[in-house]
Amino acid sequence: MRETVLDLQNRRSVKEFKKEQITDAELMDVIKAGMNAPSGGNKQSPIFIVVQNPEWIHKLSVLNAEIAGAPKGVDPFYGAPTVILVLAEKNVGDPVEDASLAIGNMLNAAYAMGLGSRWINRIRQTFETDLGKELLKECGYEGEYIGVGSCILGYPANGYPGPLERKNNYFKIVR
Ligand SMILES: Cc1cc2nc3c(=O)[nH]c(=O)nc-3n(C[C@H](O)[C@H](O)[C@H](O)COP(=O)(O)O)c2cc1C
């Protein structure tokens, strides 16, 4: 129990990944953590598209960089071998809240397992493009989805960054 809380307090995002792919067992543990996040009214609105195909990751990376207005050659996914794109059913419950919690669970689970992870943005815009729609179709998803974020995964190439200073007015206790 205490270890879980310490993992939540110590979690950090990473930007440097080994090329080696994570195991399917590790991937499933992260996915299950995401699936077991709370959802508004238990609507379970999110879906996860796990991309491990290098060609697809490349295409998504180029698009993501384009959306970000990043210089050519920048990889917004930092070379991570796994990219989990998280969307949610547009008209069901609380899609953005549900998907964000699912991503949070995945980031925390990844850290607890010694994996590197990071939320990468611009996924809403990604799924407004033809490429995003093609990917959804390839996965057999029909209906309306909103892209919320992504969780990149891999083995950290250089461990985790040290503690990050948090702002000193994060909370007030009203008694
Ligand atoms: C909503 C959201 C969007 C983010 N988008 C990006 C992103 O596009 N690229 C990136 O490198 N990191 C992104 N991050 C990661 C943050 O930069 C990172 O969480 C923050 O610097 C705090 O560091 P920590 O996660 O190690 O605590 C995002 C995080 C969140 C929660």
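All values reported here derive from a predicted model rather than from experimental measurement.

About the cut-offs
Residues numbered from 1 in each chain as written. Predicted model: local features only at pLDDT ≥ 70, side-chain atom pairs only at ≥ 80, totals over all residues. Heavy atoms only, no water. Helix = DSSP H or I, 4+ residues; strand = E, 2+ residues; numbered from the N terminus. Buried < 20%, exposed > 50% of the residue type's maximum accessible area, 1.4 Å probe, protein only. Contact = heavy atoms within 4.5 Å. Axes fitted to C-alpha atoms, helices over the stretch in contact; angles between N-to-C directions. Left-handed = near helix turned anticlockwise from the far one by under 90°. Nonpolar A, V, L, I, M, F, W, Y, C, P; charged D, E, K, R; others polar. Pairing = 2+ DSSP bridges. Expected span 1.5 Å × (residues − 1). Arc of directions from axis to C-beta. Near = heavy atom within 4 Å. Polar contact = N/O pair within 3.5 Å; in protein donor to acceptor, adjacent residues only side chain to side chain. Areas by Shrake-Rupley, 256 points an atom, 1.4 Å probe, with all protein chains shown as cover. Patch = residues over 30% accessible without salt bridge, like charges linked within 9 Å, V, L, I, M, F, W, Y side chains within 5 Å. Salt bridge = Lys/Arg side-chain N within 4 Å of Asp/Glu carboxyl O.

> It is not clear to me how the environment of Glu-89 should be interpreted in this structure. Could you clarify?
Locating Glu-89 in the fold gives a position in strand β2 (residues 82-89). Accessibility expressed as a relative area gives 29% for Glu-89, which makes it partly exposed. The spacing of Glu-89 and Pro-46 is 43 residues in sequence and 6.4 Å in space, taken between C-alpha atoms. Excluding its chain neighbours within four sequence positions, the residues that come into contact with Glu-89 are Gln-44, Ser-45, Pro-95, Glu-144 and Tyr-145.

> Explain the packing of helix α2 (residues 24-35) against helix α4 (residues 95-112) to me, please; I cannot follow it from the model alone.
A packed helix pair is summarised by two numbers, namely the angle formed by the two axes and the spacing between the axes. For the pair α2 and α4, interaxial distance at closest approach is 7 Å and the crossing angle is 145°. Viewed along their axes, α2 and α4 form a crossing whose handedness is right-handed. For the pair α2 and α4, the contacting residues are Val-30, Ala-33 and Gly-34 in the first and Ala-102, Asn-105, Met-106, Ala-109 and Ala-110 in the second. In terms of residue class, the contact of α2 with α4 is built from 6 nonpolar, 2 polar and no charged.

> Before we go on, may I ask you to explain the sheet that holds β2 in this structure?
Sheet strands line up and pair through hydrogen bonds in the backbone, either parallel or antiparallel. If you trace the 4 strands from one edge of the open sheet to the other, you get β1-β2-β4-β3, paired in antiparallel fashion. Each of the sheet's edge strands pairs with one partner strand only, and the pair in question is β1 (46-51) and β3 (116-120). Across the sheet, the axes of successive neighbouring strands diverge by a mean angle of 25°, strand direction being ignored. Bridging between β2 and strand β4 (residues 145-154) involves 8 bridges; their strand directions are antiparallel.

> Is there a simple way to explain α2 in this structure?
The α-helix winds at 3.6 residues per turn, so residues separated by three or four positions along the chain end up facing the same way. For α2, with 12 residues, the first-to-last C-alpha span of 16 Å sits near the 16 Å given by 1.5 Å per residue. Buried within α2 we find Glu-26, Leu-27, Val-30, Ile-31, Ala-33 and Gly-34. Seen along its axis, α2 keeps its buried residues to an arc of 155°; they face one direction. Exposed residues lying more than 90 degrees from the buried face of α2 are Asp-24, Ala-25 and Met-35. Where the residues of α2 are buried, they touch β1, β2, α4 and β4.

> In this structure, what is going on with the site of the ligand? I would like to understand it.
In the vicinity of the ligand, the contacting residues are Arg-11, Arg-12, Ser-13, Tyr-78, Arg-118, Trp-119, Ile-120, Asn-121, Arg-122, Leu-164 and Arg-166. The contact in question runs from an oxygen atom of the ligand to an N or O atom on the side chain of Arg-11, over 2.9 Å. Contact between the ligand and Ser-13: an oxygen atom at 2.5 Å from a side-chain N or O atom of the residue. With the chains in place, 65% of the 620 Å² that the ligand exposes on its own is no longer accessible.

> I'm lost on a nonpolar patch on the surface in this one. Help?
On the surface, Tyr-170, Phe-171 and Ile-173 cluster together into a nonpolar patch covering about 390 Å² of accessible area. With respect to the helices and strands, Tyr-170 occurs in the segment after β4. Residue Tyr-170 is classed as exposed on the basis of its relative accessible area, which comes to 53%.

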